[in-house]
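Structural features, examined
Given next are the chains, with one letter for each unit.
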Amino acid sequence: ISLIILSVFYFFKAKERKRKKEIQLKKDLMQMQISSINAQLDPHFVFNSITAISYLVQEDDKDVAYNYFVKLSRLLRDTLSTRKLITRTLQEELEFVSNYLSLQKLRFGNRFNYKFQISKNTDYNFIVPKMCIQIFIENSIKHGLEPLTENGELIIKIIFYKMGFYAIIKDNGIGIESSKL
């Protein structure tokens, strides 16, 4: 009887260890995937931003060029210094998105405008996956607004509730299916 009880105990213990190992492997895989996404800031965007800033310098608009250069350096510094992190505060994510959008606005001029609509009860210290909002904004610009020549509109709506938040990214662009044509 003791041998049977001991065998059952070891069987369940081994099963529990296997389950924990599988959970850890899934967490590690997810962390690597998120890290891979977070490590990417579209090089095309960076080069185009530098080109737009250099145009401002060439046009002798040095104060404006300096402000945009500071925003670009913040984005690059944030991307490089937090590349191993997979989370940040909602405040940090929104600041990153704001700098990103400022640079995109510089690149595209009057082709689109953007605005934030953030609920009053938002907890800006809430921890979110890094670039969880930015990646959708990047896709919205790339597949919806970039082809437009004017009157593009991008709305970033944050609705906070007790256990999390909704981020609604809405644009009036041509849509992903049309952008593939």
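Residues numbered from 1 in each chain as written. Predicted model: local features only at pLDDT ≥ 70, side-chain atom pairs only at ≥ 80, totals over all residues. Heavy atoms only, no water.

A few points about the overall build of the protein
Of regular secondary structure, the protein possesses six helices and five strands. Reading the protein from its N end, one meets helices and strands in the order α-α-α-β-α-β-β-α-β-β-α. The C-alpha atoms of the protein give a radius of gyration of 23 Å, which is well past the 16 Å a tight globule of 181 residues would have. Viewed in the frame of its principal axes, the protein has a C-alpha envelope of about 90 × 40 × 30 Å. Among the 181 residues that make up the protein, the fraction classed as buried is 31%. Relative to all contacts within the protein whose residues are 6 or more apart in sequence, the contacts with residues 24 or more apart total 74%. Each charge sign in the protein was given a centre, from 27 positive and 19 negative side chains, and these centres are 12 Å apart. (Helix = DSSP H or I, 4+ residues; strand = E, 2+ residues; numbered from the N terminus. Rg over C-alpha atoms; globule rule 2.2 N^0.38 Å. Buried < 20%, exposed > 50% of the residue type's maximum accessible area, 1.4 Å probe, protein only. Contact = heavy atoms within 4.5 Å. Lys, Arg positive; Asp, Glu negative; His and termini not counted. Charge placed at Lys NZ, Arg CZ, Asp CG, Glu CD.)

Observations concerning the pairing of strand E5 (residues 164-171)
Where strand E4 (residues 152-161) meets E5, eight bridges bridge the pair, whose relative direction is antiparallel. Looking at the pairing, Ile158 lines up with Ala167 of E5. Counted along the chain from E4 to the antiparallel partner E5, the turn is two residues long. (Pairing = 2+ DSSP bridges.)

A short note on the environment of Phe108
Residue placement: Phe108 occurs in helix H4 (residues 90-108). Contact partners of Phe108, with chain neighbours within four places excluded, come to Ile141 and Glu146.

Looking at the nonpolar core
The tendency in soluble globular proteins is for nonpolar side chains to be buried as a group. Of all hydrophobic cores here, the largest spans 32 residues; its most connected members are Leu101, Ile133, Ile137, Ile141 and Phe165. Listed by contribution, the elements that provide at least two residues to this core are helix H2 (43-58), helix H3 (62-81), H4, helix H5 (134-145) and E4. Here Leu101 is in contact with Phe112, Tyr114, Phe116, Ile137, Ile141, Leu154 and Ile156, once residues within four sequence places are set aside. (Core = buried A, V, L, I, M, F, W, Y, C linked by side-chain atoms within 4.5 Å.)

Let's talk about a nonpolar patch on the surface
A grouping of Ile159, Tyr161, Met163, Tyr166 and Ile168 is seen on the molecular surface, where their side chains present a nonpolar patch of about 530 Å² in accessible area. Where the nonpolar patch is concerned, the elements lending two or more residues are E4 and E5. (Patch = residues over 30% accessible without salt bridge, like charges linked within 9 Å, V, L, I, M, F, W, Y side chains within 5 Å. Areas by Shrake-Rupley, 256 points an atom, 1.4 Å probe, with all protein chains shown as cover. Salt bridge = Lys/Arg side-chain N within 4 Å of Asp/Glu carboxyl O.)

Looking at the side chain of Gln104
Counting through the fold element by element, Gln104 comes out in helix H4. Not counting the four nearest positions on each side in its chain, Gln104 is found in contact with Phe45, Phe112 and Ile141.

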